[in-house]
Each structure stands twice: as C-alpha cells, then as structure tokens.
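Structural overview
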Amino acid sequence: MHILDYSTTLAALLLTTANLASAEPIPVPAVQLSQPNHDLILSPRARPNAPSGGYAPQEVNCPRNKPTVRLADGISKQEEDWLGKRRKETVKPMIDFLKRANLEGFDAEAYINRVAPDVKDLPNVGIAVSGGGYRALMNGAGFVAAADSRTTGATGEGQIGGLLQSSTYLAGLSGGGWLVSSIYTNNFSTVETLRNGREGSSIWKFDRSIFIGPNLPGIFDTTRYWSRVARQVAAKADAGFETSITDYWGRALGYQLIDAEDGGPAYTFSSIALDDEFSAARTPFPILVANGRYPGERIISLNATVYEFNPYEMGSYDPTTYGFVPMEYLGSNFSQGVIPSSGKCVKGFDSVSYIYGTSSSLFNAFMLQNISSVEGVPTFLLNAANATLNILDSNENDIAQYEPNPFLGWNNATNPSAQKIELDLVDGGLDLQNIPLHPLIQPFRHVDVIFAVDSSADTTHNWPNGTALRASWDRSQGAIANGTLFPPVPDQNTFINLGLNNRPTFFGCDVNNFTLEAGQKVPPLLVYIPNAPYSANSNVSTFTSSYPESQRNEIITNGYNAATQGNGTLDGEWNKCVACAVLSRSLARTGTGVPGECGRCFERYCWDGRLDTKAVEGEYEPGFRVGDASTKDSAAAGRAVVMGTGMGLVVGLLGVVVTML
C-alpha cells in the first residue's frame, strides 16, 4: 500500500478512537519509590546505527562471509560465548541476594562458590513479563524495580533486590516487550530513572496518548507529530520496503519509550549487542516474542510458529521454521538460507520500534476486535473504522510484514511461509500464550526458574486467570512443542476458585514428577506472579491509551507490592521463598538437602495438583490485598476506554494527510 493510502487509513481509524469515552483517574495511594530528579540525563544503550541515519533500512555491502540462516539445533555461537561471561557475572549478585534472604542453616556463599566453577549447577534465572499494553508495562515495571538492587530500598529487609542482577534472561511480549525495549535502549536504566524522566523528554510520559503526541520543543501540536511519524515511515516505503500499521504504531510509541530525538528512529535492536555493558555480560539477555500468521489465516492458534528476537538473531525453535537469521541483517534477500552471490545485504530493518511494534501489534488487534462493543462510538465513526478495516484486510496489511521473507525456501517441508515472499508476524499474545515463556523453556538454555509476571486481561474486569500458563501447557502436549516439556498447570476455573490468580504460585516444584524421554530435560520451575489489587486498581483496560502521572506511579507501585508481597507484610518469609525458588533446581542436581525454610515455602506456594473446576460464580472482583484506595470498584477501573483529545486529534491527523500530499 502506498504511503498516502496509509496516511488516509491511519487518519480514519484514529478519528474513530478520538471520540471514545475517557476514564476519570482512579485515586490511589502515595508512591513508594524515590522522587523525580529532573537533572537526570539518560544515556542511550542501543545505538542509532541504522546506516540510513533514520528509520529506513538501507542496502550495504555484505561482509566477506555473507550472513546465512542457521538450523535451530541449539543457541547461537554468539549467545553461547556471551553466556560464558554472563553466568560468571551473576555469581556475586546471587551470593548477595541469597545472603540477604538468610536461609537458616544454609551457607549461601559457600554453596554458590562451590557450584560456580561448573556452570551447569549454578542457578539459572529467567524473568518473563507478559503482554497487556501499558498495564503490562507498568505492572511489569513494578516487578523489575523490586528485583533491581539499584532501586531505592530494594535490598532492605523483606525485599528481593538483586534478583535482576542474578538473572540470565529478561523476556518481554507486547506491553512487556515495551518495558524490556525501553530499559535496554536507555542505558539499562532503572525503572525509577525511566519513571522520573527528565526535563525536555517524553520518556514514560503516558499522560499524553500516542494519538495526541508529546509536548516537546519542535513538535508543538498533533499535526507536526504525526507528520514526523508519517515521514519516517514514508522513508522506509521509499527505500522499497513494505510498510504497515505496525510501523506507525512502533514509531509513535518510540516517543514514549526511547529517550532520543524523534523517539530514536535509527535505533536498532541488534545494536544492543554492540554496547560495552552488554558485550561484557553485565546485563541479562533481552528477548522479545511474536507469532507467525500463516498465509491466508486470521485466527492465531497454538500451532502458530513462535518467533523470538534477541540482539544476535531472529527466528524460531519450532519444528515449522526451525531456523534463525542474524538480527543485524534482517531485510536482506535470503533464499534457501543464503544471500545469492549477486545479492546485497541490508541493515537497519531491525529498528527497535519495529521489533517491539511487531511483538505488540495491539493497534491492529484493536481494529480486529468488534469495535462496536466499545462504549460511546457514534455510528458514522464506526462506519469509518469498518471501511478502514476492510481496506487493510484486502491488502493483508494488518500485520508486521517482514519482506523479503528471511526464511524463503527454508525448511520447505514444514515451514508454511517457505514459499511466500513475505513473513507475516503478529502480536506475541494472540495465541493466548501471553507470557513469553517459550524462549525460556527451550532445553538449550538450561533455565532453572522463571519468574512469570502475568498482566493478562482474562476476566471481565481485566484480571488474569491463568489462561496464558494453560495455553503454554496445552501447546506442550502437541507436536509443535518438539518435545519441550512444560510444568502442569490447572484450568482457569481452578485458578480463580483456589485463588491461584490472586497470589504467587509455584508450578513444577518436584523434579521427580517428570517422566523424561530420550533427549528431554526437566522444565524450569515457574514462579507465577499474577497482577492483583495490592494497593491500586491495576486492572486498567489494554486499550486505555493515556494515564495521569499519579495513576502510572500507583500501578508501578502495585506491581512492586506484588513482587514483594507488600514489602513482606503478607508473608515475612517471601524473600526467602524467592531465594528457595532460585535454588530449587540447582539443589536437586547437586543432591543437596533442601533447607527447612525452603520446605515450608514449597508447602505454601507449590501447586499440589488439586483442582476445583466448577464454574466461577458471578464476576471475578478481588479485594485489595494490602493498603486501601478511595475506590474499590475494580470493575470501573477495568472498563475498556481510550483516552484522547478528540478535536485536536482530528485536526492533527487531517494535517498529516495534507502534508503528505
């Protein structure tokens, strides 16, 4: 589709959203994290190294050894080399973290020093942050803040600070992918730093919807904002690459997530690998997730191919594609796994904003839902939105298009997209696996424990009910899983009836419960941290597009309270239980006795296999777990609304169309 057509269709859709009802801010308790420091300067971690100097990819000369697609029969050589350094880097933070937990009768320092030389016995920690738009970003940010030893007070009594520094992997999907991307493109910044921001920056300023745009020097109004976004996307189209709504979505989000001029259009995901701190393995390994959409299909099933993006490569371990391409050279014309002798290489296709936009094609999902179910949309605007949707459908432009297809002619027998010139990718949660566990359960990565932060909107009022975990379990029972195991989890009714969606729960505690076939490995222990109302109504709609600063901060604090169990007020031994989860698989491998306090933790938090499958009575509306708020109406917090300034947005978008003519 030509860029002018897209400007028009984008304007039509956004004219629809401009008139949706806006929600009143929810009064919530005071923020617990440190106060803003407006003198703070953010330093970019990822680099603006797209050779075009902007958003557009560009042809470059290939290196002497041209990039190729590799089989997914293990991790890449780059990741393997990086892990050799990272595992050593986690030793001291892990000792410090475990010593603060102070497990009775257990010498944490002596144990970690004993197993550290043989890396396979050292605890290997992953963190996975679910999708769910801004709700997931903010709730996930609270968990990451609690796990980060740099956060004010995070290493005090009852806290879990240092868990992030002890982790090997940090995965995000959709809104969780925004969080991960924002952290890595801004100097592996703390959540406090990103939340506090600085003068003259729109970083994490969620009070102004991306439909309206930031209030920054040189932008001034919505018209100029969308004109800049449109020109950035037009440059990609002019360079000969297909564009879609995902390009606009990702570029608009960039103004809120990347602290750089114009939201960092030249910043690439592969440039994370060039950073000194990352290359020295002093940060976890970031991974984002998206789903493949098979040619001609609309419904994304559990058999959809799951793709991952990391600083070194993009691809899938699923038996369908079963290959990886170098991230830096996405956009190059691969055929049967190689670039033809006369072919050129391409760089800059892996824009950070396009990658997290791919993982979170939330804008597209919003169009694909029944928009008539949203309150307050006039009929004539519904008609305009439907017309826009029909245009997009007819061109199959409602997805993120990877053209040329990096897996053209690759694995022809099982790859559904092998004969297509483009690879179509969509939001990583559309197959219901809304927590990015897939990369972390791969046996090649030897992850021992995954802290799964779930901000899914499964219930009527946008609380999780375990659907994401159950989807991953169901998928593990099919051929698509390629023999990769997953801990058993119950049905959604059991999650609610037993309160497993309202407090932390451990799944897969006993390694002896797994029957292994040849080549199989025990899956990681899952520590499930569901979004729940600890101190705030954090069940805001996925499609709420702006948040007052106070509400943003309160949802982050709520996530912090979930991670720490209210700073230990709900369970004074919670930090010990987190330490026990970290140690569990390592203790089993080494035949080391389980500390008594760990035994008590596992009795409290491990799912015992009990089921309660009867239908849930009424609508699920949980009460506050700690603290209090001036409103306890979680249903009101969960109404599906999109906040915006109607007439200003209308004028601005019309201006975009005019400027592009």
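In this report, the structure presented in the accompanying data block is examined. Just so it is clear, the model here is predicted, and its values are computed rather than measured.

**With respect to the overall build of the protein chain**
Counting secondary structure elements, the protein chain contains 20 helices and 14 strands. Looking at the protein chain as a whole, 63% of its 661 residues qualify as buried. Restricting to contacts in the protein chain with at least 6 residues of sequence separation, those with at least 24 account for 76%. As displayed, the protein chain offers around 23000 Å² of accessible surface, 50% of which is attributable to carbon and sulfur atoms.

**A few points about the nonpolar core**
The biggest cluster of nonpolar side chains holds 152 residues, and the ones touching the most others in it are W204 and F451. Setting aside residues up to four positions removed in sequence, W204 forms contacts with L137, A141, L179, S182, V191, L194, R195, Q256, L257, R552 and I556.

**Quick look at the state of the cysteines**
For the structure on display, the rule yields 4 disulfides. Bridging C62 to C345, the disulfide has an S-S length of 2.0 Å. Here the disulfide of C62 and C345 is right-handed, its torsion about the S-S bond being about 110°. Of this pair, C62 sits in the loop between strand 1 (58-60) and strand 2 (70-71) while C345 sits in strand 9 (residues 345-347), and the two are 283 residues apart along the sequence. C345 sits in the buried class, given a relative accessible area of 0%.

**Structural notes on helix 8 (residues 222-238)**
In a regular helix each residue adds 1.5 Å, so 17 residues correspond to 24 Å; helix 8 covers 24 Å between its end C-alpha atoms and thus fits that length. G240 sits one or two residues past helix 8 and shows a positive phi near 100°.

**Brief notes about empty space enclosed by the protein**
Overall, the coordinates contain 10 cavities of 30 Å³ or more when judged by the stated rule. For the second largest cavity, the calculated volume is near 90 Å³. Lining the second largest cavity are D318, Q433, L437, H438, I441, Q442, S472, R475, S476, A481, T484 and F486. When grouped by side-chain class, the residues that make up the lining of the second largest cavity number 4 nonpolar, 6 polar and 2 charged.

**Here we look at helix 9 (residues 245-257)**
For helix 9, built from 13 residues, the straight-helix expectation of 18 Å at 1.5 Å per residue is met to within 8% by its first-to-last C-alpha distance of 18 Å. The buried fraction of helix 9 is high, at 13 of 13 residues.

**Considering unusual backbone geometry**
The amide bond that connects E403 to the next residue, P404, takes the cis arrangement and shows omega of 10°. Relative to the helices and strands, P404 resides in the loop between strand 10 (400-402) and strand 11 (423-427). You will see that Y322, though not glycine, has its phi angle at about 50°, which is positive. Considering the arrangement of structural elements, one finds Y322 in the loop between strand 7 (313-316) and strand 8 (323-326).

**Structural notes on the side chain of K236**
Here K236 shows up in helix 8. Take K236: its relative accessible area is 1%, and that puts it in the buried class.

Conventions and cut-offs
Residues numbered from 1 in each chain as written. Predicted model: local features only at pLDDT ≥ 70, side-chain atom pairs only at ≥ 80, totals over all residues. Heavy atoms only, no water. Helix = DSSP H or I, 4+ residues; strand = E, 2+ residues; numbered from the N terminus. Buried < 20%, exposed > 50% of the residue type's maximum accessible area, 1.4 Å probe, protein only. Contact = heavy atoms within 4.5 Å. Areas by Shrake-Rupley, 256 points an atom, 1.4 Å probe, with all protein chains shown as cover. Core = buried A, V, L, I, M, F, W, Y, C linked by side-chain atoms within 4.5 Å. Disulfide = S-S within 2.5 Å. Expected span 1.5 Å × (residues − 1). 1 Å grid on protein atoms, 1.4 Å probe; cavity = no way out; pocket = protein on both sides within 12 Å on 5 of 7 lines; lining within 4 Å. Points joined across faces, edges and corners; volume = space filled by probe spheres on them. Nonpolar A, V, L, I, M, F, W, Y, C, P; charged D, E, K, R; others polar.

Geometric descriptors of this kind do not, in isolation, establish any biological role.
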